[in-house]
Amino acid sequence: MLNKINALRAEIEAIQAATPEEVEALRIKYLSKKGSVSLLMNDFRSVPAEEKKAVGMAINELKNFATEKINSLREASEAGKAKAEIPDMTRTPAPWPLGTRHPLSLVRDEITGIFRRLGFNIAEGPEIEDDWHVFSSLNFAEDHPARDMQDTFFIQRSPDVLLRTHTSSVQSRVMEHTQPPIRIICPGRVYRNEAISARAHCFFHQVEALYVDKNVSFADLKQTLLYFAREMFGPETKIRLRPSYFPFTEPSAEMDISCNLCGGKGCGFCKGTGWVEILGCGMVDPNVLDACGIDSKEYSGFALGMGVERITNLKYRVNDLRLFSENDVRFLREFEGAH
Ligand code: DAH
């Protein structure tokens with residue numbers, strides 16, 4: 001009997017199987033009710049009593065051995081099957097869901113692109129700034145309301161560390177280490193302490209332009225503005241400059257464009273005036289040039305600054321500022337294909 005068991009063990013040791021179906025056939029052959037291992041139990045009945053213990057143990061051991069062997073063959077054959085199922089790597093891939101560009105990025109790039117065609121280079125500066133670059137170098141009086149806690153997010157007081165309230169800070173940073181000619185366009189995010197609503201937000205985006213050289217005049221500014229307005233809003237666009245005040249420019253102006261919704265006839269969007277305001281501008285105040293180490297007797301310049309959200313509203317009629325930062329994909333998908 002023990003010989004029979006050993007022979008069967010040797011046979012099972014040698015079995016091989018490549019597929020799960022072959023493994024199953026082997027399981028039936030050895031371990032099913034009528035399998036060779038189970039049939040040993042029939043012989044067991046005729047084993048003399050004094051040998052029963054040893055033979056019983058040998059049969060159990062064989063049964064365990066056979067079960068383990070078949071399990072490991074099954075695992076190996078299934079792994080082999082998985083390997084055979086590696087997908088065809090040469091197949092054309094499934095369509096990849098593409099994201100869309102954010103409307104503010106689209107419009108920012110359009111604005112900077114127009115100025116780049118005029119020879120302006122992109123310049124960037126930090127969002128966390130000091131008082132000098134955001135206010136003092138730009139000719140803001142000590143008691144100017146923009147410095148007030150209500151507008152500016154201060155991170156630290158004396159020395160002041162704050163979130164920039166406008167991208168004009170990049171002007172002074174560039175002028176400090178560059179001599180004219182300077183032609184820069186500065187896109188960036190700015191922060192103001194405002195309650196969030198459809199019409200105001202505590203952060204938004206601006207693009208600033210600065211041109212400093214010998215003999216830069218207001219006529220250069222006007223021509224640049226007209227070119228920009230027509231490139232951005234179409235060749236029929238008219239511009240109008242109204243006198244204004246900014247600490248860092250003298251004279252200063254605000255520019256309106258003819259309302260691109262009604263073509264200047266007057267509608268709800270332009271409140272019946274036919275004009276919509278889009279940016280602030282002016283000739284760089286000589287105090288600013290001198291504060292940044294540029295000789296104001298030799299050089300002059302113009303600057304302008306605009307809100308990207310404002311321009312985007314005019315182009316795409318987004319009437320709630322909050323949509324820009326909520327990242328609702330239904331809103332973002334509306335700009336699919338825009339570029
Ligand atoms: N910095 C101004 C603001 O935040 C915008 C501005 C106006 C920028 C006139 C300029 C400028 O460069 O000349 O409202």
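Before any of the text, the structure's been laid out above.
Attention here is on the structure that accompanies the text. Quick caveat: nothing in here was measured; it's all calculated off a predicted structure. The residue numbers shown here count from 1 along each chain, following its written sequence. Residues qualify for local features only when their pLDDT is at least 70, as the model is predicted, and side-chain atom pairs are given and counted only at 80 or more; totals for whole chains, interfaces and linings, by contrast, use all residues. The side-chain values count all of the structure's non-hydrogen atoms but skip hydrogen atoms and water molecules.

1. Side note on the state of the cysteines
Then, in step 1: In this description, a disulfide is simply a cysteine sulfur pair whose atoms lie within 2.5 Å. With the rule as written, the count across this model stands at zero disulfides.
Then, in step 2: You can see Cys 292 has no disulfide; the closest cysteine sulfur is in Cys 186, sitting 12 Å from it.

2. Points about the sheet that holds strand β3 (residues 154–156)
Then, in step 1: Strand order in the open sheet formed by three strands is β2-β4-β3, with antiparallel pairing between adjacent strands. On the outer flanks of this sheet lie β2 (128–130) and β3, each paired with one strand and no other. Strand-to-strand twist in this sheet, taken as the mean axis angle between neighbours without regard to direction, amounts to 35 degrees.
Then, in step 2: Strands are labelled as partners when DSSP assigns at least two bridges between them. Each helix is a run of H or I in the DSSP string that is no shorter than four residues. Each strand is a run of E no shorter than two, and both are numbered from the N terminus. Examined bridge by bridge, β3 and strand β4 (residues 161–163) share two bridges and lie antiparallel to one another. Fitted lines through C-alpha atoms serve as axes, helices being fitted only where they are in contact, and the angles separating the N-to-C directions of these axes extend from 0 to 180 degrees.

3. Quick word on the sheet that holds strand β6 (residues 203–213)
Then, in step 1: Strand order in the open sheet made by the seven strands is β1-β5-β6-β10-β9-β8-β7, with mixed pairing throughout. A single partner strand is all that each edge strand has here, and the edge strands are β1 (121–122) and β7 (239–246).
Then, in step 2: Bridging between β1 and strand β5 (residues 182–191) involves two bridges; their strand directions are parallel. Each residue of the ladder has a partner; that of Ile 122, found in β5, is Ile 185.
Then, in step 3: Across the face of the sheet, helix α5 (residues 103–117) comes into contact with β1, β5, β6 and β10 (300–307) while running at roughly 5 degrees to β6. The contact criterion used throughout is that any non-hydrogen atoms of two residues lie within 4.5 Å.

4. Considerations on the site of the ligand
Then, in step 1: Note on definitions. A residue lies near a molecule or strand when any single heavy atom of the residue is within 4 Å of it. In the neighbourhood of the ligand, 15 residues make up the surrounding shell, with His 166, Ser 168, Arg 192, Gln 206 and Glu 208 lying closest.
Then, in step 2: Think of a polar contact as two N or O atoms within 3.5 Å of one another; within protein, one of them needs to be a possible hydrogen donor and the other a possible acceptor, and neighboring residues in sequence only count if both atoms come from side chains. One of the side-chain nitrogen or oxygen atoms of Ser 168 is found 3.0 Å away from a nitrogen atom of the ligand.
Then, in step 3: Here Glu 208 contributes a side-chain N or O atom positioned 2.6 Å from an oxygen atom of the ligand.
Then, in step 4: Method for areas: the Shrake-Rupley scheme with a 1.4 Å probe, in which residue coverage is limited to the protein chains shown. Taking 350 Å² as the accessible area of the ligand by itself, protein coverage stands at 89%.
Then, in step 5: Put simply, the parts of the chain that give the shell around the ligand at least two residues each are α7 (168–177), β6, β9 (275–284) and β10.
Then, in step 6: By residue class, the composition of the shell around the ligand is five nonpolar, eight polar and two charged. Charged residues are taken to be Asp, Glu, Lys and Arg, nonpolar residues to be Ala, Val, Leu, Ile, Met, Phe, Trp, Tyr, Cys and Pro, and polar residues to be all remaining types, Gly included.

5. Some thoughts on the nonpolar core
Then, in step 1: Throughout, nonpolar core names a set of buried Ala, Val, Leu, Ile, Met, Phe, Trp, Tyr and Cys residues whose side chains join them through atoms within 4.5 Å. Throughout this description, buried means an accessible area under 20% of the type-specific maximum (1.4 Å probe, protein chains only), exposed means over 50%, and partly exposed covers the range between. Ranked by size, the top nonpolar core spans 42 residues in total, and within it Ile 111, Phe 115, Phe 228, Ile 278, Leu 279, Leu 304 and Met 306 carry the most contacts.
Then, in step 2: If you list the elements that add at least two residues to this core, you get α5, β6, α8 (218–233), β8 (249–258), β9, β10, α10 (308–316) and α12 (329–333).
Then, in step 3: With residues up to four places along the chain from it excluded, the contact list for Ile 111 reads Val 207, Phe 228, Met 232, Met 306 and Ile 311.

6. As for the pairing of β5
Then, in step 1: Counting buried positions along β5 gives eight out of ten residues, so the element sits mostly inside the fold.
Then, in step 2: Bridge analysis of β5 against β6 gives ten bridges, and the strand direction is antiparallel. Its bridge partner being in β6, Ile 184 is matched across the sheet by Leu 210.

Geometry only, nothing functional implied.
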